[in-house]
Amino acid sequence: MRSRRMAAAISALAVVAGGLVSAVVVGGAQPAFADCEITEQRPPGQQQNQPQDQPQDQPEDQQQDQPQDQPQDQPQQSQAPQEQDQENQGRDDDQQGQDQGAQQDQNGDGQQNQENQNQNDQQGQNGGGALVDPPADPEASAETFGQRNRDQDRDRRRNRPRPSQQPSSTASPSPTGGQESDCLNIGPFVTDFVDIRQIPRSRQDARIGRGGSRGTFVSRCGTNGEGHFNPDNFIVAPGVRNGAHHLHDYVGNLSADAFSTDESLEAAGTTCRLGDKSTYFWPVLRDRTVDENVDDPDRNVGQVLRPRSVTLQFRGNARARVVAMPRFLRIITGDAKAATNGPANARAGWSCSGFTNRISSDKYPLCPRGSQVLRIMDFPSCWDGQNNDSANHRTHIVFPDQSGACPQGTQPVPQLRMTLAYSVPRGPSFALDAFPEQLHNPVTDHGDFVNVMPERLMSNVVNCINRGRRC
């Protein structure tokens, strides 16, 4: 009887081992990041600079929260560790029973059982380490990192969603190195996500004083139906192909790329109404449940998510009237390397539709059913009155202070607020394109803008804002 149980146990282990070997063989033929997914914790040694408080210049939502909806990721974060505990305990019990059976049968079967036991040990070393991995701490935060077992990648592959599309045929060459190490360092992590209801309510905009400008102007430029994408950034890396190391989504000027100049922007067409030839661009968001772009050397994997809406709103100043922007003024917001540079220039704002009085500066939001993920990016608006750009692309135009006033020596221009809305898969399943070492951290969100409005249109924008109108 014991021999039959032992034989059955050995057969089961052989099936598991065979499956693992098959997975390794098949995985070896797959693209480098085909099996990577959003994981529970950060790898050891990865540090993150915690950003400052939420951005100052964000709107307070006028809608009430919707208590009847359930947040997307609540069941996953609260139940997954318990289920993993139960699964690991069950497997540990099975392993203990098999070891006891092997010990009892050694006297009857002798050397044959000893060889089988050695084979089981060998299989455990190759693929069984994940059976006793400790569960991830459900309370881990962006600044608290648990230790990661080398074999946790097997757990991720076991639970990963099934891809719905084939990998892209136009992907870049695959990076070198083993798949396990690549997956461990790709990011983001479950700790980079938060239920939007856990973000405290706050007032993000400064109160408008008696001398302030209350109006707004919206430039309607569509949602990039033309498919204008590239990994360039002619503001910070002019003349460099793939200077951004992540894909940018564009609206407005149709010619923007690494080699854009004032003259080329002026000569190009636009997706915007009223002749606005300005260029507006930002890093794409990707669906990480789809195995696309899996060979990308910069590790920006997944299917590009197109925004459902793009709102480009120019706003006034809380303390003064605004003046016109000069043509070809270049403005950037946020820091694409904030995860390693620190929070000094981080300006990310993540929220959900219906919850815009709750904004996170360093977490991807998990929105209730029917609510869209929002990226809200405010641009600096206190111009030095002389320069269209500066060496660091920041000192020529800065943010107002907490009261909304511009620093001495600067004057307020219309402030661009870019709001992008996305329908995303449920749970922690999406990520921002980023530089590889930034691990797709949400704090690295950023945007770029170059003003190429005709002077008459800019004059209308200023008049609309200063007169308190909505245009």
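As a reminder, the structure under discussion sits directly above these lines.
This one's a predicted model, so the numbers in the text were calculated from it and none came from an experiment. (Residues numbered from 1 in each chain as written. Predicted model: local features only at pLDDT ≥ 70, side-chain atom pairs only at ≥ 80, totals over all residues. Heavy atoms only, no water.)

Draft legend 1. Representation of the pairing of strand E2 (residues 216-219) in the model. Residues of E2 alternate between two faces, with Thr-216 and Val-218 on one and Phe-217 and Ser-219 on the opposite face, all of them buried. Across 4 bridges, E2 lies against strand E8 (residues 309-315) in antiparallel orientation. Opposite Phe-217, over in E8, you have Phe-314 as the bridge partner. (Buried < 20%, exposed > 50% of the residue type's maximum accessible area, 1.4 Å probe, protein only. Helix = DSSP H or I, 4+ residues; strand = E, 2+ residues; numbered from the N terminus. Pairing = 2+ DSSP bridges.)

Draft legend 2. Inspection of the state of the cysteines at higher detail. Counting across every chain of the model gives 4 disulfides. The disulfide that involves Cys-221 links it to Cys-272, with 1.9 Å between the sulfurs. The sign of the 105° torsion about the S-S bond sets the Cys-221-Cys-272 disulfide as right-handed. Of this pair, Cys-221 sits in the loop between E2 and strand E3 (229-230) while Cys-272 sits in the loop between helix H6 (262-267) and strand E5 (279-283); the two residues are 51 residues apart in sequence, bridging distant segments of the chain. For the residue pair Cys-221 and Cys-272, the accessibility class agrees, reading buried in each case. (Disulfide = S-S within 2.5 Å.)

Draft legend 3. Quick peek at the environment of Asn-387. Along the chain, Asn-387 falls in the loop between strand E13 (382-383) and strand E14 (397-398). Overall, Asn-387 belongs to the partly exposed group, its relative accessible area being 34%. Each C-alpha atom, one on Asn-387 and one on Leu-329, is 7.8 Å from the other, the two residues being 58 residues apart in sequence. Look past the residues within four positions of Asn-387 in its chain and what remains in contact with it is Leu-329 and His-396. Here the side chain of Asn-387 touches Asp-384 through a polar contact of 2.8 Å, side chain to side chain. (Contact = heavy atoms within 4.5 Å. Polar contact = N/O pair within 3.5 Å; in protein donor to acceptor, adjacent residues only side chain to side chain.)

Draft legend 4. How the structure looks around the sheet that holds strand E12 (residues 373-378). Across the sheet, which stays open at both edges, the 5 strands sit in the order E2-E8-E16-E12-E10 with antiparallel pairing between neighbours. Because the sheet does not close on itself, it has two edges, and the strands there are E2 and strand E10 (350-352). Looking at each pair of strands side by side, their axes are set apart by 25° on average, direction ignored. Relative to strand E16 (residues 415-422), E12 runs antiparallel, the two sharing 6 bridges. Bridging across to E16, Asp-378 finds its partner in Arg-417. (Axes fitted to C-alpha atoms, helices over the stretch in contact; angles between N-to-C directions.)

Draft legend 5. Quick peek at the sheet that holds E5. If you walk across this open sheet you meet the 5 strands as E3-E4-E5-E18-E9, and the pairing is antiparallel. Of all strands in the sheet, those with a lone pairing partner are E3 and strand E9 (330-334), marking the two edges.

Draft legend 6. Quick peek at the nonpolar core. Membership of the largest hydrophobic core comes to 49 residues, with the highest contact counts inside it found for Tyr-280, Trp-282, Phe-314 and Met-418. Considering every element that reaches this core, the biggest residue donor is helix H8 (residues 455-466), with 5 residues. (Core = buried A, V, L, I, M, F, W, Y, C linked by side-chain atoms within 4.5 Å.)

Draft legend 7. Representation of H8 in the model. Here H8 spans 17 Å end to end across 12 residues, near enough to the 16 Å set by a 1.5 Å rise per residue. Packing partners of the buried residues in H8 comprise E2 and E8. With its phi angle positive at about 75°, Gly-468 sits one or two positions after the end of H8. (Expected span 1.5 Å × (residues − 1).)

Draft legend 8. Unusual backbone geometry, seen in detail. Residues Gly-187 and Pro-188 are joined by a peptide bond in cis, for which omega reads -5°. Along the chain, Pro-188 turns up in the loop between helix H5 (179-184) and strand E1 (193-195). Its identity as a non-glycine residue notwithstanding, His-440 has a phi of 55°, on the positive side. Tracing the backbone through its elements, the reader meets His-440 in the loop between strand E17 (430-432) and strand E18 (446-450). Residue classification places His-440 among the buried residues on the basis of a relative accessible area of 3%.

Draft legend 9. Examining the pattern of salt bridges more closely. All told, the structure shown has 8 salt bridges when counted by the stated rule. Here Asp-232 ties to Arg-241 by a salt bridge, and the two come within 3.2 Å at their closest N and O atoms. Residue class for Arg-241 comes out exposed when judged on its relative accessible area of 52%. A salt bridge links Arg-330 to Asp-262; the nearest nitrogen and oxygen atoms lie 3.0 Å apart. Of this pair, Arg-330 sits in strand E9 while Asp-262 is found in helix H6, placing the two residues 68 residues apart along the sequence. (Salt bridge = Lys/Arg side-chain N within 4 Å of Asp/Glu carboxyl O.)

Draft legend 10. The environment of Val-194, seen in detail. Considering the arrangement of structural elements, one finds Val-194 in strand E1. Judged by its relative accessible area of 10%, Val-194 is buried. The spatial distance from the C-alpha of Val-194 to the C-alpha of Gly-427 is 9.8 Å, given a sequence separation of 233 residues. Look past the residues within four positions of Val-194 in its chain and what remains in contact with it is Ile-199, Lys-363, Tyr-364, Pro-365 and Leu-366.

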